[in-house]
Amino acid sequence: MNPSQRLWRNPLLKAALAREGTDVALSTSPENFGTFLNEDAKFWVNLVKSAGVKLD
């Protein structure tokens with residue numbers, strides 16, 4: 001495990017970020033990360049549409 005991976009698995013860091021509303025999700029593969037990005041994009045598209053945001 002590299003230093004970055006150890007950092008993101010640190011329970012103290014995760015707790016500090018959670019208090020700020022951030023969830024640390026580690027991807028296990030490029031496919032897993034791609035799935036995460038697709039789901040995240042769907043979330044933001046739905047949020048923008050439901051809020052009625054329009055470009056000027």
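Because the structure is a prediction, the values reported are computed rather than measured. (Residues numbered from 1 in each chain as written. Predicted model: local features only at pLDDT ≥ 70, side-chain atom pairs only at ≥ 80, totals over all residues. Heavy atoms only, no water.)

### Quick look at the overall build of the protein chain
Counting secondary structure elements, the protein chain contains 3 helices and 0 strands. Reading the protein chain from its N terminus to its C terminus gives the helix and strand order α-α-α. Since a compact globule built from 56 residues should have a radius of gyration of about 10 Å, the 15 Å found for the protein chain marks it as more spread out than a globular shape. With the principal axes as the frame, the protein chain shows a C-alpha extent of 45 × 30 × 15 Å. Taken across its 56 residues, the protein chain has 2% of its residues classed as buried. In the form shown here, the protein chain has an accessible surface area of approximately 5100 Å², with 60% of it arising from carbon and sulfur atoms. (Helix = DSSP H or I, 4+ residues; strand = E, 2+ residues; numbered from the N terminus. Rg over C-alpha atoms; globule rule 2.2 N^0.38 Å. Buried < 20%, exposed > 50% of the residue type's maximum accessible area, 1.4 Å probe, protein only. Areas by Shrake-Rupley, 256 points an atom, 1.4 Å probe, with all protein chains shown as cover.)

### Details of helix 3 (residues 30-51)
Given 3.6 residues per helical turn, the α-helix brings residues three or four places apart onto the same face. For helix 3, built from 22 residues, the straight-helix expectation of 32 Å at 1.5 Å per residue is met to within 8% by its first-to-last C-alpha distance of 31 Å. Of the residues trailing helix 3, Gly52 is marked for its positive phi of about 70 degrees. (Expected span 1.5 Å × (residues − 1).)

### Here we look at helix 2 (residues 11-19)
The N-terminus of helix 2 is capped by Asn10, whose side-chain oxygen sits 2.7 Å from the backbone nitrogen of Leu12. After helix 2 finishes, the residue Gly21 shows a positive phi value of roughly 90 degrees. (Polar contact = N/O pair within 3.5 Å; in protein donor to acceptor, adjacent residues only side chain to side chain.)

### Some words on the environment of Phe43
With respect to the helices, strands and loops of the structure, Phe43 is situated in helix 3. Since its relative accessible area comes to 45%, Phe43 is described here as partly exposed. Residues Phe43 and Leu13, 30 residues apart in the sequence, show an inter-C-alpha distance of 25 Å.

### Describing the pattern of salt bridges
Counted under the stated rule, the structure contains 1 salt bridge. Linking Lys42 and Glu39 is a salt bridge whose minimum nitrogen-to-oxygen distance equals 3.4 Å. Taken together, the positions of Lys42 and Glu39, both in helix 3 and 3 residues apart, correspond to about one turn of that helix. Judged by relative accessible area, which is 44%, Glu39 ranks as partly exposed. (Salt bridge = Lys/Arg side-chain N within 4 Å of Asp/Glu carboxyl O.)

### A closer look at the packing of aromatic side chains
According to the stated counting rule, one finds 2 aromatic pairs in the structure shown. Measuring from ring centre to ring centre gives 6.2 Å for Phe33 and Phe36, while their planes differ by 25 degrees; the resulting arrangement is stacked. With Phe33 and Phe36 both in helix 3 and 3 residues apart, this pair spans about one turn of that helix. On the accessibility criterion, Phe33 (40% relative accessible area) is partly exposed. An angle of 80 degrees between the planes, with centres 4.9 Å apart, marks the rings of Phe43 and Trp44 as edge-to-face. Accessibility expressed as a relative area gives 46% for Trp44, which makes it partly exposed. (Phe/Tyr/Trp six-rings, centres within 6.5 Å; stacked < 30°, edge-to-face > 60°.)

In short, the description is geometric, and any link to function would need to be established separately.
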